[in-house]
Amino acid sequence: GTGFFKTDILKCRFTIGHFSTAATHVSSTQVVCLSPAMQPGSENMEVTINDQDYSAGCQQDGNCPFLVYTEPTIQTLRPNAGVNLGGTRVQLTVSNPVPEAGQLLKCKFIPVNDEERLRVEVEGLALEDNNAILSSSTVTCNTPSSVSSSSSSAILKTPTTACPTCGLATVALTWNGQQFGYSEQQFRFHQPIRITAVSPVGGYTTGGDTVEVFGENFVNTEYLVLQFGDNLFLCSPGAPATECPVGATHVQNALTFLDSNRLTFTAPSSPLATRKNILASNNNNEWSASLASYDYYTTSTTCPPSLSNPCRGNGDCLEIPGSNPRVQGCICKQGYSGIDCSVGPQVLSVEPSIGLASGGYNVKVHAYNVAYSAQQTYRVRI
């Protein structure tokens, strides 16, 4: 406004009887007031510098309305996982939305992990989207990037068994650009998802084999899904009908999360002996950059086809116990798997992946197809 002077009795009034608990003179055209507790509704905003004369309204009708609203509640969040580089489009279903918020509406992602939250504060990162859009009772916003300007690496990491709160962030909304409300909805930031291998690497067209998928940055969410071949999707338990619709191209409750490096599923049957490429996504939107494949063989095959050695020297072509009709297949030696015993020991990841040149620290190696024995000596080459 205009004509504001600094006095000891500078006040803001929200309708008769509701005065600000504090008022600060900024300039002759600006005063900052702290609003008092009020009942929801529209209040008339006025300013006085002498506790007698009050400012004229900011509208032609003589009023300067101030809307008091009840805190809206975030009921659902979809999806609830995405890459820590940002850009994932999320939708929040809200009760009691405030359409008058306009451009003041913002989404904020507050890290749950103390160490990650402190790093975000030290880096001065604002994990907010200032361009949130309200449509009816749905707020749409994009996740921010958590990449540090000092190290060029993302601060929010994938949740793991060792750090279950890593990457977790509480999602909050502000309708006035200042006050962010309480929310129980959490978003799971993760590093880009990858698939490194599957075991076994194939099976018979009748299906039914348990297949383990190895990779990095899998997140336990109902939106976790595998694309199996060109048009078949294997969904997690609890997947919403919108994400895993009932039909020939979707299999519900077909995918099991083990940890951030492992998933399992039951191989579906296939009418043909063919190869299926496998992709993964934590939110049915952002897919893994790498893939693995699963090969189908007909039950008439005595052992998987190979030029000379059907079991690659890592197993024996024998009758498979319990098979009906009786067929032969590769019985793999310890440390090998797959329909033709082609999958040997594989290193998935190391933890930590960095250390001093002087050495002397323990490194945990995550691997599979490693034959265990108490008398076994393991050697790792770096």
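Details of the structure are given in the entry above.
Residues numbered from 1 in each chain as written. Predicted model: local features only at pLDDT ≥ 70, side-chain atom pairs only at ≥ 80, totals over all residues. Heavy atoms only, no water.

Q: Account for the nonpolar core, with residues named and values stated.
A: Counting residues in hydrophobic clusters, the biggest one holds 27 residues, and the most contacted among them are Ile195, Val213, Leu226, Phe228, Phe265 and Ile278. Of all the secondary-structure elements, those providing two or more residues to this core are strand 15 (194–199), strand 17 (210–216), strand 18 (225–228), strand 19 (232–235), strand 22 (262–266), strand 23 (275–281) and strand 24 (292–297). Setting aside residues up to four positions removed in sequence, Phe265 forms contacts with Asp209, Thr210, Val211, Val213, Leu226, Phe228, Leu234, Ala254, Leu255 and Ile278. (Core = buried A, V, L, I, M, F, W, Y, C linked by side-chain atoms within 4.5 Å. Buried < 20%, exposed > 50% of the residue type's maximum accessible area, 1.4 Å probe, protein only. Helix = DSSP H or I, 4+ residues; strand = E, 2+ residues; numbered from the N terminus. Contact = heavy atoms within 4.5 Å.)

Q: Provide a residue-level description of a nonpolar patch on the surface, including the pertinent values.
A: A contiguous nonpolar patch, built from Val347, Val350, Leu356, Tyr361, Val363, Val365, Val380 and Ile382 and spanning about 840 Å² of accessible area, is present on the exposed surface. Relative to the helices and strands, Val350 resides in strand 27 (residues 346–351). A relative accessible area of 38% places Val350 in the partly exposed class. (Patch = residues over 30% accessible without salt bridge, like charges linked within 9 Å, V, L, I, M, F, W, Y side chains within 5 Å. Areas by Shrake-Rupley, 256 points an atom, 1.4 Å probe, with all protein chains shown as cover. Salt bridge = Lys/Arg side-chain N within 4 Å of Asp/Glu carboxyl O.)

Q: Tell me about the side chain of Gln185, and name the residues and values.
A: Its location among the elements puts Gln185 in the loop between strand 13 (168–174) and strand 14 (186–190). At a separation of 2.9 Å, a polar atom in the side chain of Gln185 contacts the main-chain carbonyl oxygen of Gln75. (Polar contact = N/O pair within 3.5 Å; in protein donor to acceptor, adjacent residues only side chain to side chain.)

Q: Outline the pairing of strand 4 (residues 41–48), supporting the account with residue identities and numerical values.
A: Of all eight residues in strand 4, six are buried; the element is thus mostly enclosed. Here strand 1 (residues 11–14) runs beside strand 4; their pairing, made up of four bridges, is antiparallel. Its bridge partner lying in strand 4, Cys12 is registered against Val47. Strand direction decides the pairing type here: strand 4 and strand 5 (residues 65–68), joined by four bridges, are antiparallel. Within strand 5, the position partnered with Asn44 by the bridge is Pro65. (Pairing = 2+ DSSP bridges.)

Q: Which residues make up the pattern of salt bridges, and what are the values?
A: For the coordinates displayed, the defined rule picks out eight salt bridges. Across the salt bridge formed by Glu46 and Arg13, the nearest N and O atoms sit 2.8 Å from each other. With Glu46 in strand 4 and Arg13 in strand 1, this pair connects stretches of sequence that are 33 residues apart. The same class applies to Glu46 as to Arg13, namely buried.

Q: Describe the layout of surface pockets, naming the residues involved and giving the relevant values.
A: The rolling of a water-molecule-sized probe over the atoms marks out the regions of remaining empty space. Reported here for the largest pocket is a volume of approximately 1100 Å³. Among the elements of the structure, strand 1, strand 3 (30–34), strand 4 and strand 5 are those that each provide at least two residues to the lining of the largest pocket. A breakdown of the residues in the lining of the largest pocket according to their chemical character gives 26 nonpolar, 12 polar and four charged. Put simply, the second largest pocket is a space of about 840 Å³. (1 Å grid on protein atoms, 1.4 Å probe; cavity = no way out; pocket = protein on both sides within 12 Å on 5 of 7 lines; lining within 4 Å. Points joined across faces, edges and corners; volume = space filled by probe spheres on them. Nonpolar A, V, L, I, M, F, W, Y, C, P; charged D, E, K, R; others polar.)

Q: Explain the environment of Asn44 to me, using residue names and the numbers behind them.
A: Locating Asn44 in the fold gives a position in strand 4. For Asn44, a relative accessible area of 18% translates into the label buried. For Asn44 and Phe214, which are 170 residues apart along the polypeptide, the C-alpha to C-alpha distance reads 62 Å. In contact with Asn44, not counting residues within four places along its chain, are Arg13, Phe14, Thr15, Asn63, Cys64 and Pro65. Within the structure, Asn44 has its side chain in polar contact with the backbone nitrogen of Cys64 (distance 2.7 Å).

Q: Could you give an account of the side chain of Ser183, with specific residues and numbers?
A: If you trace the backbone, Ser183 turns up in the loop between strand 13 and strand 14. A distance of 2.8 Å separates a polar atom in the side chain of Ser183 from the backbone oxygen of Val171. A polar contact of 3.0 Å, which involves the side chain of Ser183, links it to the backbone nitrogen of Gln185. In this structure Ser183 touches Ile74, Thr170, Val171 and Ala172, once residues within four positions along its chain are discounted.

Q: Explain the state of the cysteines to me, and be specific about the residues and the numbers.
A: Two cysteines, two sulfur atoms, one covalent bond between them: this is a disulfide. All told, the structure shown has four disulfides when counted by the stated rule. Here Cys107 pairs with Cys141 through a disulfide, and the sulfurs are 2.4 Å apart. Looking along the S-S bond of the Cys107-Cys141 disulfide, the torsion reads about -100 degrees, which is the left-handed sense. Of this pair, Cys107 sits in strand 9 (residues 106–111) while Cys141 sits in strand 12 (residues 138–142); the two residues are 34 residues apart in sequence, bridging distant segments of the chain. Given a relative accessible area of 2%, Cys141 falls into the buried group. For Cys235, the disulfide goes to Cys244, at an S-S distance of 2.2 Å. Residues Cys235 and Cys244 share a disulfide whose torsion about the S-S bond is about 95 degrees; that sign makes it right-handed. Taken as a pair, Cys235 and Cys244 share a single burial class, namely buried. (Disulfide = S-S within 2.5 Å.)

Q: Residues and numbers for the sheet that holds strand 17, please.
A: What links the strands of a sheet is backbone hydrogen bonding, and the strands pair in either a parallel or an antiparallel sense. Pairing within the open sheet is antiparallel, and its four strands lie in the order 15-17-22-21. In the strand order of this sheet, the two ends are held by strand 15 and strand 21 (255–259), each with one partner. Neighbour to neighbour, the strand axes of the sheet diverge by 25 degrees on average, direction disregarded. Note: strand 17 against strand 22, five bridges, orientation antiparallel. Note on strand 22: the bridge partner recorded for Glu212 is Thr264. (Axes fitted to C-alpha atoms, helices over the stretch in contact; angles between N-to-C directions.)

Q: I'd like a rundown of empty space enclosed by the protein, residues and numbers included.
A: One pass over the structure, following the stated rule, counts two cavities of 30 Å³ or more. Reported here for the largest cavity is a volume of approximately 50 Å³. In this structure, the largest cavity is lined by Glu71, Pro72, Ile74, Val171, Ala172, Leu173, Trp175, Gly181, Tyr182 and Ser183. Quantified by volume, the second largest cavity comes out at close to 30 Å³. Around the second largest cavity, the lining residues are Glu222, Tyr223, Leu224, Val225, Cys235, Ser236, Ala239, Glu243, Cys244 and Asn284. Of the residues in the lining of the second largest cavity, the class split is six nonpolar, two polar and two charged.

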